[in-house]
Amino acid sequence: MAKGHVYSLVNKPDAEERQIVFVSLLRQDDYLVLRKSMKGISESALIAMRFHLITGFLIVAIGGLFTYRFSMGFTRPITELGKVAERISKLDFGGKVRIASDDEVGMLGKSINMISDRLSVSINELQADVERRKQLVRDISHELKTPIGLIKGYAEGLKYSVVDDASKAERYCSVIADECDRMDNLVKELISLSMLEAGAARPSYSDLGSRDLVSAVAKRFSPILEGKGIALDASEVADAVLRCDGEMMKRAVGNFVTNAIEHVQGGMAIRIRGESCDGGYRISVFNTGSHIPEEETAKIWDVFYTTDRSRTRRTGSHGLGLSISKQVALLHGGKVGLQNVEGGVDFFIEIPTDKSAD
């Protein structure tokens, strides 16, 4: 017993199991002897091992569940952001990020939703514009096809001498010249409209009296109105100083008068009125005649649109005038519109009178 104590496993002949014996020297000739059955120790060790296994399993399971919930709470918004972004890349703007927090991920989700909404609006507008351009090309082709066909027919008549007198040849030449003028006017109107829509034609602002504007327009159309037996009333014009491009405004109002001349019926009367409105000045042109159907009031401003297609060839109208008037109003920060009123239709252009508009 050099170290003061001894452990030993003892098998006694009369014992059924092994025992562990601990012998320790307390002092000279005094010993401490402890005996313990190995079966009890084995059972205690087995219970301890099972306890630790069960406890360890529960700790691992709870920890795994907590880790999963925590990771899902962190990665779910990012995964959702990725899915919405992928849908946006495919031009599908129906998906939205659910905002559940105000942290950086939530702010990113709000930004993606804003981008999706704005892209959706822009794509829809672009698609509408593409369709509009396609329709414009078809309409231009249709408008040019008729005069080109007439010019070719009459030119071939002159070429192959199908006319037998000078008066008939002169009539052929007159038709050719008229159709060339029609195409020339159409091309000029298209160029003007294109420049206005593109913003290439900017207003040159100056002060212009409202009565001077209406008087100039009325004077221009007086011979045509007298020849067609149309009465013009331009007496109800409130005096005001307009800050605008005079030539553009005269053209816009003149287009309204041209449209009124083409569609006037019944009492054969046109009235030009000018009045101050909320923050601006309105010039309206009324003509007696049929009302415009409600479903066509928005389309009336489209290029080449007309409620009566047969009128186009008879009057030489292409439906460009109202589109140009609309663009003039927009360039001045104003608007155009129409109203079905008693006895006819009232077209108007409205521009702001604020001096800072330019």
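Located above this text is the structure these notes cover.
Throughout, residues of each chain are indexed from 1 in the direction in which the sequence is written. Confidence filtering applies because this is a predicted model: local features only for residues at pLDDT of at least 70, side-chain atom pairs given and counted only at 80 or more, and all residues used for totals across whole chains, interfaces and linings. Hydrogens and water are ignored here; the side-chain numbers use all heavy atoms of the structure.

**Section: the overall build of the chain**
As a reminder, the rule being used: By the criteria applied, helices consist of DSSP H or I runs no shorter than four residues and strands consist of E runs no shorter than two, each listed in order from the N terminus. Under the scheme applied here, a residue whose accessible area is under 20% of the maximum for its type counts as buried, over 50% as exposed, and between as partly exposed, the area being computed with a 1.4 Å probe on protein chains only. Contacts between residues were defined by any pair of non-hydrogen atoms, one from each residue, lying within 4.5 Å. The method behind every accessible area is Shrake-Rupley, applied with a 1.4 Å probe, and residues are considered shielded solely by the protein chains displayed.
Looking only at helices and strands, the chain features 7 helices and 10 strands. Burial statistics for the chain: of 358 residues in total, 33% are counted as buried. Pairs at least 24 apart in sequence give 61% of the contacts found in the chain among residues at least 6 apart. On the chain, roughly 22600 Å² of surface is accessible, and the fraction owed to carbon and sulfur atoms is 56%.

**As for the environment of methionine 268**
Turning to its location among the elements, methionine 268 is positioned in the loop between helix H5 (246-263) and strand S7 (269-277). Each C-alpha atom of the pair methionine 268 and glycine 289 lies 7.9 Å from the other, and the pair is 21 residues apart in sequence. Excluding anything up to four places from it in sequence, methionine 268 contacts Lys228, Gly229, Ile230, Ala231 and Thr288.

**Concerning the sheet that holds strand S10 (residues 344-352)**
Going by this rule: Two strands pair under a simple rule: DSSP has to find at least two bridges between them. For helices, the fitted line uses only the C-alpha atoms of the stretch in contact; every axis is such a line through C-alpha atoms, and the angle between N-to-C directions lies from 0 to 180 degrees.
Spatial strand order, S5-S7-S8-S10-S9: 5 strands in an open sheet with mixed pairing. Looking at strand neighbours, the two that pair on one side only are strand S5 (231-233) and strand S9 (335-341), the edges of this open sheet. Between one strand axis and the next, the sheet turns through 20 degrees on average, direction left out of account. In the sheet, S9 pairs with S10 via 7 bridges, with the strands oriented antiparallel. By the bridge assignment for S10, glutamine 339 is matched with aspartate 346.

**Observations concerning the packing of helix H4 (residues 210-228) against H5**
How we decide: Orientation is classified from the angle alone, with under 35 degrees giving roughly parallel, over 145 giving roughly antiparallel, 65 to 115 giving roughly perpendicular, and any other angle giving oblique. Crossing handedness follows the turn of the near helix against the far one: under a right angle anticlockwise gives a left-handed crossing, and clockwise gives a right-handed one. Asp, Glu, Lys and Arg are counted as charged, while Ala, Val, Leu, Ile, Met, Phe, Trp, Tyr, Cys and Pro are counted as nonpolar; the rest, among them Gly, fall into the polar class.
The geometry of H4 relative to H5 is characterised by a closest axis approach of 10 Å and an angle of 25 degrees between their N-to-C directions. Here H4 lies roughly parallel to H5, going by the angle between them. Where H4 crosses over H5, the two elements pack in a sense that is right-handed. Contact residues: Leu213, Ala216, Val217, Arg220, Phe221, Ile224, Leu225 and Lys228 in H4; Met249, Lys250, Val253, Gly254, Val257, Thr258 and Ile261 in H5. Here the residues of the contact of H4 with H5 are counted per class, giving 10 nonpolar, 2 polar and 3 charged.

**Focus on the environment of isoleucine 99**
With respect to the secondary-structure elements, isoleucine 99 resides in the loop between helix H1 (38-89) and helix H2 (104-159). Taking relative accessible area as the criterion, isoleucine 99 reaches 35% and is therefore assigned partly exposed. A C-alpha to C-alpha distance of 6.4 Å links isoleucine 99 and glycine 109, two positions 10 residues apart in sequence. The residues touching isoleucine 99, leaving out its near neighbours within four places in the chain, are Gly106, Gly109, Lys110 and Asn113.

**A closer look at the packing of helix H3 (residues 166-198) against helix H7 (residues 320-331)**
When two helices pack together, you describe them by how their axes are tilted relative to each other and by the distance separating the axes. As a packed pair, H3 and H7 sit with axes 9 Å apart at the nearest point and diverge in direction by 25 degrees. Classified by the interaxial angle, the pair formed by H3 and H7 is roughly parallel. The way H3 lies across H7 gives a crossing that is left-handed. For the pair H3 and H7, contact is made by Leu186, Glu189, Leu190, Ser192, Leu193, Leu196 and Glu197 and by Leu320, Ser323, Ile324, Gln327, Val328 and Leu331, respectively. When grouped by side-chain class, the residues that make up the contact of H3 with H7 number 8 nonpolar, 3 polar and 2 charged.

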